[in-house]
Structure formats: C-alpha cells, structure tokens
Protein chains: 2
Amino acid sequence: MARTGRRPAGSSSREAILSAARQALGRYGYDGTTVRGIAADAGVDPALVHHFFGTKQGLFVAAMDFPVDPSTVLPALLAPGVEGLGERLVRFFLSVWEAGDRSPFLALIRGAVSHEESAALLREFVTREVLGRVAAAVNESQPQLRATLVGSQLVGLAMARYVIKLEPLASADPETVVAAVAPTVQRYLAGSLA
Amino acid sequence: MARTGRRPAGSSSREAILSAARQALGRYGYDGTTVRGIAADAGVDPALVHHFFGTKQGLFVAAMDFPVDPSTVLPALLAPGVEGLGERLVRFFLSVWEAGDRSPFLALIRGAVSHEESAALLREFVTREVLGRVAAAVNESQPQLRATLVGSQLVGLAMARYVIKLEPLASADPETVVAAVAPTVQRYLAGSLA
DNA sequence: GTCTATACAACGATAGAC
DNA sequence: GTCTATCGTTGTATAGAC
C-alpha cells in the first residue's frame, strides 16, 4: 500500500492547507491556531505544511496573500532609526500602492469590512507582522498605540486616495502627499500624544 | 382620465425615485444629474421628487442614506472658527461612531470598496456635503487638499478602530483618541503642509 | 373628512445655439 | 445679442388612503 511518497498528480493539498489556515487563523487567532490542527483539517501530514511554507509564520503570510512581505521590507525601513521613519514609511506605502495591481489590497479591505473572520485575520496579521515591528522601533511611551495610530493614517490615506478617490488628494503628486502626511506619522511615532 | 391624484395603494414611487437617483448620481455625478431625469426614470412627475425630498440636495442626502446630515451638524462645528476645529471634528466623529448602529457606515464603506459606482456616489457626497464645507472654513492655501487630508485621517481612524479593530486603538478611551488625533487634523486644517 | 400621494403648469435662472 | 432649451423649484388642484 502506498502510504508514503508523493500522491498522484492533481491533489491540491497546498490549497487545502491555505484554506484551512485562513479559517483557523481568522477564528482562533495566530496563537490559538496550531499547525497540527490545520494539517488535520486539510487531511495532510503536519510536515507537509512545513514543506510548503517553511514556518508557521510563513504559512501565515501565505494565507493572507499579503501583497508585500513585511518581514523582508520593514527591517530596511526601520534600520536607520526613528528619525525620518515617518517619511520612509509613507513613501514606501505610496510606492506599493502606486506600482502595479491594487486589487489584492482592495480584496483585503473588502474582506475585512464584510466578514468579521477576515477582519480578525487581517488584524492579527497587521498587528503581528507590521505594527509589532514598528512598535519595537519606537522609543516613546505607548509604542503599540503609536503604531496603530500610524496604521490608521496609512489605511485612511489608501481609502481616501485610492478607494474613494477624494480630489485633489487622489491626483496629488506622491511627494506632495509625503510632505503632507509624513509629519503626522512622525508625530505618532515620536511626538507628544497629548 | 385619472392622470392626476393619488395612485392606488402599493405604488412605491418614493423608492423608485431613490433608486433612480442612486443610479444617476453614481453614474453622472451631482451636477450631471437632473431631477427631471430622475423623475422620468422613476416614471413620476418632477414635482413629486420635491414633494418627498424638498430639494435636489435633500434627495442627494436621502439617496446616500448617510447616517448624519452634514448640513445640519457641520455648521455648528465650524461656527467657532478654525481654532480648535480639529478637536471638535474628531470628537464629533467619534461620538457618531460610538453611539448606536455602525452598520450604515459599514455599508457605505463596503459599497465603496466593492462597486465603483458606489464609490463615485460616496465621493461626490463627501466632497460636496462634508469636505466642501470644511474647505470653506479653511483660511490657508489649498483648502480642498487640506479637507481631503482631514478626511483621510478620519476614515482611517474608523477603519483602524471600528473595522479592523487594531489594539490598543480599538479599546482606547475616546478622549485618548481625541488627544492623539486632533492635532493631526488641526495641522491639516491650519498648519504647514511642507 | 383629513391627510398624503400625485400631476399639471408655470416661473425665474442659466447656459448654449445661432 | 437673442432665442431656446433645460434646469430647479413652487403653486395649485385632485384622487385615493385612512
């Protein structure tokens, strides 16, 4: 009996794992989700999960289908220190939205607004993979609150400029937007919140 | 011939008008939409539109199903002048989201993200009824850009706090949020954008 | 009998044709 | 510079609902 080795072609174990992961992560959160549980739901061996996605975090990133991988881009943005970080974050955020296909982001937002489970998944992902790293770079009090404030301005910028397309913000030069918004982000990161 | 007078029961002229208005406003914008055209689409007399909704703007507000009527709340917020306006706007915005049912707002956002026509309708409404009034109260250069920047921070606050529910922002005391965000809005209204 | 939905007609404003 | 078409809006009358 062929219990080990590769299955006949056409098995979609990878997609089954991703589907099970999305459901579990949205329902129980990152910590409440186990690789073994996902593997069981998908009807595969836990080792196969690691074969496809490397780590639990890698599976998380893949399940989100997030257009950029924060673990690869954020360190470079954070490395130079808090000074000028607001500007670097805004400029990078804009460059991601300006370049290429916006539909993955729109799908994320649409899901978050429509289903609480999708919102939970996005919340968990952003908190852990994005805001957690940003908060770790903050030297002031309440780093998590500061990071979420940064997030609020950035997601609002995306909504106003790319989704609702409010003019003249939607057509403004990227550098104009950076000049206007970066001080806000910088203040959230390192200024007074009073 | 009974051409005038009330129709037999069951006629839903009011809803027909609203439906035609949403379609026309989303497709052609406020100025490109005529009351007469809406009336024709709905198969009613133009005067009936005014009977139900008073003015074209009233019809616009009704078609949007916007949870608050900007023409009744904004003047009081804007009257005391630009000083402290950021704080008043943020506090009012929070009070509207905190109190009562959020589903009308969520429906607006969901529509805007899902259908371009809904986004156009929301854009037109917010620009004309909300940001237009705010911009008129601004004494600095680029009042429209400033108003849209205010809008970006407010819609981002709603997304982060009420939709994605990023912690600790989602659970923060309203006054903490006001203290953190109001200076941003105030700077967009009256500060330097450089 | 009163209230409300509905239609007709017309007014003042505005913008484009010629 | 008229003329005309169209717009938002209003006044008034009527027919059906309650």
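Just so it is clear, the structure is predicted and the values come from calculations on it, not from any experiment. (Residues numbered from 1 in each chain as written. Chains lettered and ligands numbered in written order. Predicted model: local features only at pLDDT ≥ 70, side-chain atom pairs only at ≥ 80, totals over all residues. Heavy atoms only, no water.)

Right, let's talk about the relation of the copies chain A and chain B for a bit. Mapping chain A onto chain B calls for a rotation angle of 180 degrees and an axial translation of 0.0 Å; the resulting RMSD is 0.1 Å. On this basis, the relationship between the two copies can be described by a two-fold rotation axis. Within chain A, A:Gly156 has its C-alpha nearest the rotation axis, a separation of 1.7 Å. When you check the interface residues of chain A against chain B, 100% turn up at the interface there too, and the contact is symmetric in its surfaces. (Least-squares fit on C-alpha atoms with pLDDT ≥ 70 in both. Contact = heavy atoms within 4.5 Å.)

Quick look at helix 2 (residues 35–42) of chain A now. Residue and element names in this part refer to chain A. Turning to helix 2, its buried residues number three or more, namely Val35, Ile38, Ala39 and Ala42. What you see down the axis of helix 2 is that its buried residues fit within an arc of 100 degrees, all on one side. Along helix 2, exposed side chains directed more than 90 degrees from the buried face belong to Arg36, Ala40 and Asp41. Taken from the residues just after helix 2, Gly43 is the one with a positive phi, measuring 75 degrees. (Buried < 20%, exposed > 50% of the residue type's maximum accessible area, 1.4 Å probe, protein only. Helix = DSSP H or I, 4+ residues; strand = E, 2+ residues; numbered from the N terminus. Arc of directions from axis to C-beta.)

Quoted interface sizes are often the accessible area lost when the parts come together. The interface of chain A with chain B comprises 41 residues on the first partner and 41 residues on the second. Summed over both partners, the interface of chain A with chain B comes to about 3400 Å²; 68% of that surface belongs to carbon and sulfur atoms. A per-residue breakdown of the area chain A buries against chain B is headed by A:Val113, A:Ile164 and A:Leu166, which together make up 16% of the total. The tally of links from chain A across to chain B stands at 16 residue pairs in polar contact (both at pLDDT 80 or more). (Buried area = accessible area lost by both parts, 1.4 Å probe. Polar contact = N/O pair within 3.5 Å; in protein donor to acceptor, adjacent residues only side chain to side chain.)

Attention now moves to the side chain of B:Thr148. Residue position: B:Thr148 is located in helix 9 (residues 143–163). When neighbours within four sequence positions are excluded, B:Thr148 is seen to be in contact with A:Leu166, A:Glu167, A:Pro168, A:Leu169 and B:Leu131.

Residues and elements named next belong to chain A. Under the domain assignment used here, chain A contains domain 1 (13–64) and domain 2 (70–190). Here the C-alpha centre of domain 2 lies 26 Å away from the C-alpha centre of domain 1. Of the residues lining the interface, 12 residues belong to domain 1; the matching set on domain 2 comes to 11 residues. When domain 1 packs against domain 2, the two sides together hide about 1100 Å² of surface, and 66% of this comes from carbon and sulfur. Here domain 1 and domain 2 share 0 salt bridges between them. Run the count over domain 1 and domain 2 and you get 0 residue pairs in polar contact (both at pLDDT 80 or more). Elements with a minimum of two residues in the side of domain 1 that touches domain 2: helix 1 (13–28) and helix 4 (56–64). (Domains from an automatic or database assignment. Salt bridge = Lys/Arg side-chain N within 4 Å of Asp/Glu carboxyl O.)

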